[in-house]
Amino acid sequence: MDLSFHGAAGGVTGSCYLLEAAGTRILIDCGLFQGADATESHDFGFDLRSIEYVLITHAHLDHCGRLPLLVKQGFRGEIILTPPTRALMGIVLADAASLQVEESERIGRHRRREGKPVPVATYDLPDVFETMELVGRLAHYQQPFELCPGVRVTFGDAGHILGSAWILLEIEENGVQRRIVFSGDVGNRDRPLLNPPTPAPPADVVIMESTYGERNHKTFDASVQEFKEAILQTAQRGGNVVIPTFALERAQELLFLLHEMSEADELPRHTRVFLDSPLAITATEIFRRFPEYLSPDARKQFGPGSDPFTLPGLRFTRDSAQSREINAISSGAIILAGSGMATGGRVLHHLKYNLWRPESSVIFVGFAALGTLARRIIDGAQYVRLFGEDVQVAAHISTINGFSAHADRDGLLGWYRGSGSPRTTFLVHGEDSSRNALATALEQQGAHVEKPLLLQRFPL
Ligand code: ZN
C-alpha cells in the first residue's frame, strides 16, 4: 500500500494523490497548478495508463483542472464524483479549456511574428467532452460503495462548495486493513448556503489541507458588517465596488447576501449589481438545480415566487459587449467578476477602470495564492501591471476572510478531531508557514505528521 503526492505538496494548488493498494491504482483529485505553482510541465510523475479510478473531491480547478490532460495522455478509467460536482466540473473544465486555447493563440501570434515555436493549448473542448464521458458512478454523501474488490469508498459533506466532499477509502490488502481519509478542501462554518463540514470519520491515515493552518477568520457576522461598510463608504465616495469573485460558491453567496441586504433596505439606492462572469452565471443556474445540497435555511428560500439569487438592479452580463458597457459606469456599481485571484478574466478590465480611482474600492473575499495579482494588491503593491501598463493602486482595498470557503485553523482542527488518533497525518495544500503552523499544533496533540514534497512516496 503506497501513497504518493503529485500536487499541492509544498504549494496550495494542483491537488493530486496516487494511492496504490489492493491491486489497483486510484487517483484522488487531479488539479491544475496555478499562480506561483504553475508549471509548463505536463508530466504527472506516474504511469497514467494503469490508473483505474479517479475520485474527485470538488469542482474547483485546482482539484480537477488536469483531468482533461490525464485523458488526453491516455487515461481511460472511471471518474467518480458527486452529482453537483459533475455538473459544476463540466462548466469549469470547459471554461478552462477555452481560456487555454485563447491564451495559446494570443502567445502564438507573438511567437509566430518572432519566428519562434508556437505553444499548443494544454487541452481543448473535445478533451473536456471526452473527460466527461469517463464519469461513471455518482457518489452520494454517507453512502459507502465498493469501488472494486478490497476497496470501499465513502464521500462525506466537506461544506466547501456545492457538492464538495471528503473521501474515505477502506482498504483491505493481504489481511491488512487501512482507513484513509482525504479531506479535499474543508469548508468554513456558518456560511449562508451550505451545511457545515461533516467531521472526519475515524481513520488510520489522514491527508488534510492546511490553507489557513496559521490563522482564524473573523466571524461571518463581523465579515458581513465589514462588507456592508465597504459598500456604503464606496457609495458615499461616489465610486464602484469591484469584487474579484470565484465563480463557484462565492459568487452565489455574495448574491445571496446582497439579496438579503436589498430585502432589509440596506443597499444604497440606485445600486446596480453586475454578475459579470458567464461561468458564475451558469454555476448559479446549477445551484438552483440542487437544493437538497444546500443548508435547510437556504433551501427554504427557494420557494414559489422566491429566489435568493435575485435582487432589483441585478444584471447577469453573459456576453462581452454587455461586460464592456460596465466600463462607462463611474459610480454606484457593484461588479462581481472572475477570476477570484485576478489572474485573468473580466475582472482585469474592471480593475483597469477602477483600481486607480480613490473613490472606488476592491474587495477581496477569498484566498489569494502567492504570485497572483490579487495577492500583490492585498500585500500592498503601489502599482500593478495591467494590459502592459503600470496602474496605480489608489482604490480602497479590503480583504474579508470570513467569507472564505476554507476552514480556518480552528475549523481544520475541529474537522480533524473526528479522525480519532490516526497513525499518520499528511498535511498538504498550504503554503509553508501555514502548513508548518498546523503541523506544530497537531504534533502538540501527539500526532505523527508528515509534510510531503512533490513526488514523495510513502508506504502506508
Ligand atoms: Zn476548493
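Our subject is the structure listed above.
Predicted model, so just to flag it, every value in this text is computed and none were measured. (Residues numbered from 1 in each chain as written. Predicted model: local features only at pLDDT ≥ 70, side-chain atom pairs only at ≥ 80, totals over all residues. Heavy atoms only, no water.)

**Remarks on the overall build of the protein chain**
Spelled out, the test is: Every helix listed is a DSSP run of H or I at least four residues long, and every strand listed is a run of E at least two residues long, numbered separately from the N terminus. We compute the radius of gyration over the C-alpha atoms and compare it with the globule rule, which gives 2.2 Å times the number of residues raised to the power 0.38. For every residue, the accessible area obtained with a 1.4 Å probe (protein chains only) is divided by the maximum for its type, and the residue is called buried under 20%, exposed over 50%, and partly exposed between those limits.
What the protein chain contains, in helices and strands, is 13 helices and 22 strands. For 460 residues, the compact-globule estimate of 2.2 N^0.38 gives 23 Å, and the C-alpha radius of gyration of the protein chain, at 22 Å, lies within 12% of that figure. Dimensions of the protein chain, computed from the C-alpha atoms along their principal axes, are close to 70 × 55 × 45 Å. Taken across its 460 residues, the protein chain has 58% of its residues classed as buried.

**Looking at the pattern of salt bridges**
Our working rule: For this document, the term salt bridge refers to a Lys or Arg side-chain nitrogen within 4 Å of an Asp or Glu carboxyl oxygen.
All chains considered together, the criterion is met by 23 salt bridges. For the salt bridge of Arg76 with Glu130, the shortest nitrogen-to-oxygen distance reads 3.0 Å. Of the two residues, Arg76 sits in the loop between α2 (67–72) and β5 (78–81) while Glu130 sits in helix α4 (residues 125–133), which places them 54 residues apart along the sequence. Across the pair Lys300 and Asp297 runs a salt bridge whose closest N-O atoms are separated by 3.4 Å. One end of the pair, Lys300, and the other, Asp297, are both in helix α8 (residues 296–300), three residues apart, so they sit about a helical turn from each other. You can call Lys300 exposed: its relative accessible area is 63%. One salt-bridge network, held together by shared partners, links Asp2, Glu20, Arg25 and Arg457.

**Digging into the pairing of strand β1 (residues 2–5)**
To be explicit about the condition: Pairing between strands is defined by DSSP: at least two bridges between them are needed.
As paired elements, β1 and strand β22 (residues 457–459) share three bridges and run antiparallel to each other. In the sheet register, Ser4 faces β22, and the bridge partner there is Arg457. Relative to strand β2 (residues 17–21), β1 is paired through four bridges, and the arrangement is antiparallel. Residue pairing in the sheet places Leu3 in a bridge with Leu19 of β2.

**Re the packing of helix α5 (residues 220–237) against helix α6 (residues 250–263)**
Counted only if it meets this: Note on geometry: axes are lines fitted to C-alpha atoms, helical ones only across the stretch in contact, with angles between N-to-C directions running from 0 to 180 degrees. Working rule for angles: under 35 degrees goes down as roughly parallel, over 145 as roughly antiparallel, 65 to 115 as roughly perpendicular, anything else as oblique. By definition in these notes, contact holds between two residues if any of their heavy atoms fall within 4.5 Å. Residue classes follow a fixed rule: Ala, Val, Leu, Ile, Met, Phe, Trp, Tyr, Cys and Pro count as nonpolar, while Asp, Glu, Lys and Arg count as charged, and any other residue, Gly among them, counts as polar.
For the pair α5 and α6, the least separation of the axes is 12 Å and the interaxial angle reads 70 degrees. Viewed along their axes, α5 and α6 adopt a mutual orientation that is roughly perpendicular. Along the contact surface, α5 presents Phe220, Val224, Phe227, Lys228 and Ile231, while α6 presents Leu254, Leu257, Leu258 and Met261. Within the contact of α5 with α6, the residues separate by chemical class into eight nonpolar, no polar and one charged.

**Concerning α6**
Where we set the bar: In this scheme, a helix's expected span is set at 1.5 Å multiplied by one less than its residue total.
For α6, built from 14 residues, the straight-helix expectation of 20 Å at 1.5 Å per residue is met to within 8% by its first-to-last C-alpha distance of 20 Å. Within α6, eleven of the 14 residues are buried, which leaves the element mostly enclosed by the surrounding structure. Buried residues of α6: Arg250, Ala251, Gln252, Glu253, Leu254, Leu255, Phe256, Leu257, Leu258, His259 and Met261, and no others. The inward-facing, buried residues of α6 abut α5, β12 (241–244), β13 (272–276), α7 (278–289), β14 (314–316) and β15 (333–337). Positive backbone phi, at 60 degrees, marks Asp265, one or two positions downstream of α6.

**Topic: the coordination of the zinc ion**
To keep it simple, the criterion reads: For Na, K and Ca the donor cut-off is 3.2 Å; for every other metal, N, O and S atoms count as donors within 2.8 Å. Water does not enter the count, which can leave sites looking incomplete. Every geometry call rests on angle ranges, with four donors termed tetrahedral when all angles are between 85 and 135 degrees, four termed square planar and six termed octahedral when opposite donors are over 155 degrees apart and all others are between 65 and 115, and everything else termed irregular.
At this site the zinc ion is bound by His58 (NE2), His60 (ND1), His160 (NE2) and Asp185 (OD), with donor distances of 2.1 to 2.3 Å. With four donor atoms in place around the zinc ion and angles of 91 to 165 degrees between them, the coordination shape is irregular. Counting residues between consecutive donors of the zinc ion along the chain gives the motif H-x1-H-x99-H-x24-D. Remark: His160 occurs in the loop between β8 (151–157) and β9 (165–173) and His58 occurs in the loop between β4 (53–55) and α1 (61–64); sequence separation between them is 102 residues. Assigned by exposure class, His58 and His160 land together as buried.

**A closer look at the environment of Leu279**
With respect to the helices, strands and loops of the structure, Leu279 is situated in helix α7. Between the alpha carbons of Leu279 and Ile91 there is a distance of 6.9 Å; along the sequence they are 188 residues apart. The residues contacting Leu279, other than those within four sequence positions of it, are Ile91, Val92, Asp95 and Ala247.

**Describing the sheet that holds β8**
Read from one edge of the open sheet, seven strands run β7-β8-β9-β10-β11-β20-β21, paired in mixed fashion. Every other strand in the sheet has two partners, leaving β7 (145–148) and β21 (449–450) as the edge strands with one partner each. Two elements, strand β11 (residues 205–209) and strand β20 (residues 424–428), share five bridges in a ladder whose sense is parallel. Within β20, the residue paired with Val206 across the bridge is Thr425. Packing of helix α12 (residues 409–417) onto the sheet brings it into contact with β9, β10 (176–182), β11 and β20, and relative to β11 it is tilted by some 160 degrees.

**Considering the nonpolar core**
Convention followed: To define a nonpolar core, start from buried Ala, Val, Leu, Ile, Met, Phe, Trp, Tyr and Cys residues and group those joined through side-chain atoms within 4.5 Å.
Ranked by internal contacts, the top residues of the largest apolar core, which has 106 residues, are Leu55, Leu70, Leu169 and Phe227. Broken down by element, this core gets its largest block of residues, eight residues, from helix α3 (residues 83–113). Those residues in contact with Leu169 that lie beyond four places of it in its chain are Leu19, Ile26, Ile28, Leu55, Val151, Arg152, Val153, Arg178, Arg179, Ile180 and Phe182. By size, the runner-up hydrophobic cluster in this structure holds 29 residues, among which are Met341, Leu348, Ile377 and Ala395.

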